[in-house]
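Remarks on the overall topology
What follows is each chain in one-letter form.
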Amino acid sequence: MKKHIAIAAGLAVLSTSAFATKARMNALGQGDDRGSFYIQDSRNVFRNASDVNNMTNYVVTEWGTAAATEDSVTAPGAEGGFFRSAGQFNYGVYLGSDIDSQNAAKTTAGVLNQDNKIDLFFGGDMGVKWGVNLGYSSSEDEQAAAHKKESDSLSLGLGVEKGPIAGYVNLGLKDESKGTTALAADKWEADTGMNIGLSYDWMDYTFFADYDKTGFEKTITAVKTEVEDTTLTVGVGHSHEVSATSRLFTSLQYVSDKTEQKVTGASKTEVSKLPLSIGFEADATSWLALRGSISQNVIIGSSKNTAGKKVTQANTTDVAAGATLN
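First, a word on scope: everything that follows refers to the structure included in this document. Here the structure is a predicted model, which is why all the values come from computation and not from measurement.

Further remarks concern the overall build of the chain. A count of helices and strands for the chain gives two helices and 17 strands. Per-residue burial over the chain gives 44% buried out of 326 residues. Within the chain, contacts between residues separated by at least 24 positions form 55% of all contacts whose residues are at least 6 apart in sequence. Only carbon and sulfur atoms are counted for the fraction: they give 57% of the accessible area of the chain, which is about 16,100 Å².

Right, dumping it as structure tokens:
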């Protein structure tokens, strides 16, 4: 069982269910750094920057470690920030986000990770809610390594919301690392990452579609490798208020993921799955919220290798639980 704890302070206008926490998303079976496609949560500002207008005036901190494993729910990284309203506009500053950092691939390559990222948010409501998210990080190491190491990244998020319709575009404009301990000429460079999506609310249902493309090119010890990953997600989510203090969340999605590696002995993996998720959340007291979920691939859930051979994904059932102290 996966357990998550988050502490939030200064929540002037938010209800217990509306915290901006990865812990809450993981506990409810969402498992996405950008938040949920259909559950209302201020974490969603990383998916659609216009959400900076929906939840304001709060501070959030997430416990973690500097030696965190990327996107890990058992060893997450420390992060947090604040969001405020100022007249007709809303803004926020967030520290330590590792969304689309691809640090796992960087660590394997021996180059500097994307560290100490800062995200700036700004938005407003002029009949149409809009928002912008600008992310930046930069670091270097010329002490411990035989050759100087550098890393720089820049990202841009744009989002709009009008009534039941919302859309967003998130771009990884730059994510580049130069130099390793072995060679100054070694480098790692991400492709222009692209995350595009639309959603439509109808009664208690949300229909959504999301396209995500990432990849990178690295040259380590004169060996060039290219990796590209594309994911298409289409689904529907339902939020049901069981009582004034408890909520039930269900979703069904179709996910198609393709990963291709171009190098000597090139490989390609295709995964198709239909994950069903059921989550429940309850306010135990005014200062404690409890939640849990179960998810599993239903009907289909298989992957194909380079030769096109298919194998069913085994034991995809996952249970998660968590709590929030307000």
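Next, the rest of the story.
A few words on the nonpolar core. Listed in full, the 10 residues of the largest apolar core are Val45, Phe46, Val52, Met55, Tyr58, Val60, Phe83, Tyr94, Ile99 and Phe121. Once you skip the residues sitting within four places of it in the chain, valine 45 turns out to touch Asp51, Val52, Phe83 and Phe121.

Structurally, serine 293 can be placed in strand β15 (residues 288-304). From its side chain, serine 293 meets the backbone nitrogen of glycine 29 in a polar contact 3.1 Å long. When residues no more than four places from it in sequence are discounted, the contact partners of serine 293 are Asn26, Ala27, Leu28, Gly29, Ile278, Gly279, Asp318, Val319 and Ala320.

With that out of the way, let us pick up the pairing of strand β3 (residues 79-86). The pairing of strand β2 (residues 58-62) with β3 spans five bridges and is antiparallel. From the neighbouring strand, tyrosine 58 faces β3, where its bridge partner is phenylalanine 83. In the sheet, β3 pairs with strand β4 (residues 89-95) via seven bridges, with the strands oriented antiparallel. Bridging across to β4, serine 85 finds its partner in asparagine 90. Counted along the chain from β3 to the antiparallel partner β4, the turn is two residues long, and its residue glycine 87 has a positive phi close to 65°.

Residues Leu158, Val169, Met194, Ile196, Tyr211, Leu232, Val234, Tyr254, Ile299 and Ile300 make up a contiguous nonpolar surface patch of roughly 820 Å² in combined accessible area. Structurally, isoleucine 299 is set in strand β15.

Moving on, we get to a negative patch on the surface. A surface patch of negative charge is lined by Glu226, Glu228, Glu260 and Glu270. With respect to the helices, strands and loops of the structure, glutamate 228 is situated in strand β12 (residues 223-243). Residue glutamate 228 is classed as partly exposed on the basis of its relative accessible area, which comes to 34%.

What follows deals with the packing of aromatic side chains. For any pair of aromatic rings, the description rests on two quantities: the centre-to-centre distance and the angle between the ring planes. Taken as a whole and judged by the stated rule, the model has 10 aromatic pairs. Centre to centre, the rings of tyrosine 58 and phenylalanine 83 are 5.2 Å apart; their planes meet at 20°, and the pair counts as stacked. Taken together, the residues span a long stretch of sequence, with tyrosine 58 in strand β2 and phenylalanine 83 in strand β3 at a distance of 25 residues. Assessed through its relative accessible area of 3%, tyrosine 58 is described here as buried.

Rules and cut-offs
Residues numbered from 1 in each chain as written. Predicted model: local features only at pLDDT ≥ 70, side-chain atom pairs only at ≥ 80, totals over all residues. Heavy atoms only, no water. Helix = DSSP H or I, 4+ residues; strand = E, 2+ residues; numbered from the N terminus. Buried < 20%, exposed > 50% of the residue type's maximum accessible area, 1.4 Å probe, protein only. Contact = heavy atoms within 4.5 Å. Areas by Shrake-Rupley, 256 points an atom, 1.4 Å probe, with all protein chains shown as cover. Core = buried A, V, L, I, M, F, W, Y, C linked by side-chain atoms within 4.5 Å. Polar contact = N/O pair within 3.5 Å; in protein donor to acceptor, adjacent residues only side chain to side chain. Pairing = 2+ DSSP bridges. Patch = residues over 30% accessible without salt bridge, like charges linked within 9 Å, V, L, I, M, F, W, Y side chains within 5 Å. Salt bridge = Lys/Arg side-chain N within 4 Å of Asp/Glu carboxyl O. Lys, Arg positive; Asp, Glu negative; His and termini not counted. Charge placed at Lys NZ, Arg CZ, Asp CG, Glu CD. Phe/Tyr/Trp six-rings, centres within 6.5 Å; stacked < 30°, edge-to-face > 60°.

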